[in-house]
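What the coordinates show
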Amino acid sequence: MSSYESPLSRRAFTGGVAGAAAAVGIGAGEAVAAPAERPAERPFAARERHDGKGGRRPNILFVLGDDLGWADLSSYGSPHIRTPHLDRLARQGVRFTQAYSGSATCSPTRFSLYTGRFPGRTKGGLAEPIADKSVGLEPTHPTLASLLRDAGYATALIGKWHCGYLPDYSPTRSGWDEFFGNFGGALEYYSKLGLGGEYDLYEGDATHKDLRYYTRILTERATEYVRREHDRPWLLNLNFTTPHWPWIADGDTEASAEIVRRIKAGDRGALWHQDGGSIAKYTEMVQDLDRSIGHVLHALKKSGQERDTLVFFASDNGGERFSYNWPLSGNKGSLREGGIRVPTILRWPARLDGGQVSDLPVYTPDWTATLLELAGARPDPARPLDGTSLARYLLRGTEPGERDLFWRVRGERALRRGPWKYYRGKGGADQLFHLGRDQREQADLARREPALLAELRTAWERTDAGLLPYPTA
């Protein structure tokens, strides 16, 4: 284990999971057992041997929550939210304590996942987030989906796209064989009306009418996909909008009707739901997300594909108004830890042992590189990846050498190297934090370590020089 100790103790994790399991049952009729004792997490170690049946290329189920805070899962320390299905996923796989999103808001992180590159490499990635039809993910740019499809994978995206609007941008133009979901950054969960009052539920490039609660619809679609008879390995990007605002849980039809009324009356801020929500409502939404993922995982198990499917779960960025981010500082939109550090769980029964925790610093572009290598797909040499493949780490235990994790958003910059983090916020002052001792970013060591500060600032500026500049207007 690294010098950084997970803030959630092994005992607390074990006890929290047991309590959650006793409180909530698995969907589709499968109960979660709550034995008196559970094995504690152990530091990650690659499996020394496998039974020889793990050589096939994995299916990939890549699940994103939306604006989920770093500690919003009971397995990450939430004192009031119970997430037994995701906790069980963690027990069966690897839980990452220092995993980061590619950016601090929705669409730039998705750009970094789909391209494996910094959002600032492409014009569409400069929007934080995309809010109109002027930019998007160019169909000519290679993506995780297009590269896997070229390597023989079936590809599908179910849920939130948020990388550009029709007619120019779409998942089906960027490598996904199938798309069912919404194009924009948010929608009202029942009516499917977006920020501008547009209807935003599509199958392929055609609107699809379904006025049921959105999380139910996505769960149903994803369950159907994994149950299919597949004749080749597959990638499913399952992008929930939960628990993104508006704060509407399943059954909140009166709250839905009020927001719809405001949208139709021209209130362009209605979906922000500034006058709604609560910790209790947010808890209800997160626990619903957990149950929904439980349904999909149950379907995967019943299909006989669980062993050979790599399941990945994370949030697209840090939490928002009602999230539980303790002990981190900052929220969505900020490059403080609370804006970019996200819960991250990886399970692959054929090749990885369960009950493990990794403190290795990783972020979104790494997972693109990792999945491509594990699937036997090659990146486009004309557009080199910015992430580092973790395949050797996962399968052989070989940690990547010292490297920098880089972030840039308007008005903020950050770079992490080992336990050190260089940060400049909108106030303009350079700061330096040692995350191993101060994950809350309160002890600024810039004056104590001026040489290191200058070195990390220079490294950030060197990377920034190779990116597109932000538009001035």
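Residues numbered from 1 in each chain as written. Predicted model: local features only at pLDDT ≥ 70, side-chain atom pairs only at ≥ 80, totals over all residues. Heavy atoms only, no water.

**Quick word on the pattern of salt bridges**
Following the criterion strictly, the structure yields 37 salt bridges and no others. With its nearest N and O atoms 2.7 Å apart, the salt bridge here joins Lys-160 to Asp-66. Taken as a pair, Lys-160 in strand S5 (residues 154-160) and Asp-66 in the loop between strand S2 (59-65) and helix H2 (84-92) lie far apart in primary sequence, 94 residues in all. Classification of Lys-160 as buried rests on a relative accessible area of 0%. Under the relative-accessibility criterion, Asp-66 is labelled buried at 0%. Note that Arg-291 and Asp-288 form a salt bridge whose closest N and O atoms lie 3.6 Å from each other. Within this pair, Arg-291 and its partner Asp-288 are both found in helix H7 (residues 279-302), separated by 3 residues, close to a single helical turn. Among the charged side chains, a salt-bridge network with shared partners connects Asp-66, Arg-110, Lys-160 and Asp-316. (Salt bridge = Lys/Arg side-chain N within 4 Å of Asp/Glu carboxyl O. Helix = DSSP H or I, 4+ residues; strand = E, 2+ residues; numbered from the N terminus. Buried < 20%, exposed > 50% of the residue type's maximum accessible area, 1.4 Å probe, protein only.)

**Concerning the sheet that holds strand S7 (residues 202-203)**
The 11 strands are arranged S1-S12-S3-S11-S10-S2-S9-S5-S6-S7-S8 in an open sheet whose pairing can be described as mixed. Bordering the open sheet on either side are strand S1 (42-43) and strand S8 (206-207), each of which pairs with just one other strand. Where S7 meets S8, 2 bridges bridge the pair, whose relative direction is antiparallel. Looking at S8, one finds that Glu-203 is bridged to Ala-206. (Pairing = 2+ DSSP bridges.)

**Here we look at the nonpolar core**
Within the largest apolar cluster, 56 residues are counted, with the highest numbers of intra-cluster contacts made by Leu-61, Trp-234, Leu-236, Leu-238, Ile-293 and Phe-313. Breaking this core down by element, the ones donating at least two residues are S2, H2, S5, helix H5 (214-227), strand S9 (234-239), helix H6 (253-264), H7 and strand S10 (309-315). If one sorts the elements of this core by residue count, H7 sits on top with 9 residues. Beyond its immediate chain neighbours, meaning those up to four positions away, Phe-313 contacts Val-63, Gly-65, Leu-68, Leu-73, Leu-86, Leu-89, Ile-293, Pro-343, Thr-344 and Ile-345. Residues Ala-145, Phe-183, Leu-360 and Trp-367 belong to the second largest nonpolar core, which totals 48 residues. (Core = buried A, V, L, I, M, F, W, Y, C linked by side-chain atoms within 4.5 Å. Contact = heavy atoms within 4.5 Å.)

**Some details on unusual backbone geometry**
Residue Leu-166 is joined to Pro-167 through a cis peptide bond whose omega torsion reads 10°. Mapped onto the secondary structure, Pro-167 falls in the loop between S5 and strand S6 (178-182). Residue Pro-243 follows Thr-242 across a cis peptide bond; omega there is 0°. In this structure, Pro-243 sits in the loop between S9 and H6. The residue Glu-441 is not glycine, and still its phi comes out positive at about 60°. In this structure Glu-441 comes out as buried when scored by relative accessible area, which is 2%.

**Some points on the pairing of S2**
In terms of burial, S2 is largely enclosed, as 7 of its 7 residues are buried. What you see with S2 is no split at all: Asn-59, Leu-61, Val-63 and Gly-65 on one side and Ile-60, Phe-62 and Leu-64 on the other are buried throughout. As paired elements, S2 and S9 share 5 bridges and run parallel to each other. Along S9, the bridge assignment pairs Phe-62 with Asn-237.

**Topic: the packing of aromatic side chains**
In this structure the tally under the stated criterion is 20 aromatic pairs. Plain terms: the ring middles of Tyr-100 and Trp-407 are 5.0 Å apart, the flat faces sit at 55° to each other, and that makes the pair tilted. You can see Tyr-100 sitting in strand S4 (residues 99-100) and its partner Trp-407 sitting in strand S14 (residues 404-409), a full 307 residues away along the chain. Here the two residues Tyr-100 and Trp-407 agree in accessibility, since each one is buried. Look at Trp-245 and Trp-272: their rings are 4.7 Å apart centre to centre, the planes differ by 20°, and that puts the pair in the stacked class. Highlighted residues: Trp-245 in the loop between S9 and H6 and Trp-272 in the loop between H6 and H7, separated in sequence by 27 residues. Through pairs of rings, three or more aromatic residues link up here, namely Phe-62, Phe-96, Phe-312 and Trp-367. The lysine or arginine in question, Lys-209, covers the ring of Tyr-199, its NZ or CZ lying 3.6 Å from the ring centre. (Phe/Tyr/Trp six-rings, centres within 6.5 Å; stacked < 30°, edge-to-face > 60°. Lys NZ or Arg CZ within 6 Å of the ring centre and 35° of its normal.)

**Examining the packing of H5 against H7**
Interhelical geometry of H5 versus H7 gives an angle of 15° and a closest axis separation of 8 Å. Here H5 lies roughly parallel to H7, going by the angle between them. Relative to H7, the crossing made by H5 is right-handed. Counting all contacts with H5, which are made through Thr-215, Arg-216, Thr-219, Ala-222, Thr-223, Val-226 and Arg-227, the residues of H7 involved are Asp-288, Ser-292, His-295, Val-296, Ala-299 and Leu-300. The residue inventory of the contact of H5 with H7, partitioned by class, reads 5 nonpolar, 5 polar and 3 charged. (Axes fitted to C-alpha atoms, helices over the stretch in contact; angles between N-to-C directions. Parallel < 35°, antiparallel > 145°, perpendicular 65-115°, else oblique. Left-handed = near helix turned anticlockwise from the far one by under 90°. Nonpolar A, V, L, I, M, F, W, Y, C, P; charged D, E, K, R; others polar.)

**Some remarks on the sheet that holds strand S17 (residues 430-434)**
Reading across the sheet, the 4 strands line up as S14-S15-S16-S17 and stay open at both edges, with antiparallel pairing between neighbours. Strands at the two margins of the open sheet, each flanked by one partner only, are S14 and S17. Taking each pair of neighbouring strands and ignoring which way they run, the sheet shows an average axis angle of 15°. Here S14 pairs with strand S15 (residues 412-417) via 6 bridges, running antiparallel. Each bridged residue has a counterpart across the sheet, and for Asp-404 the counterpart in S15 is Arg-417.

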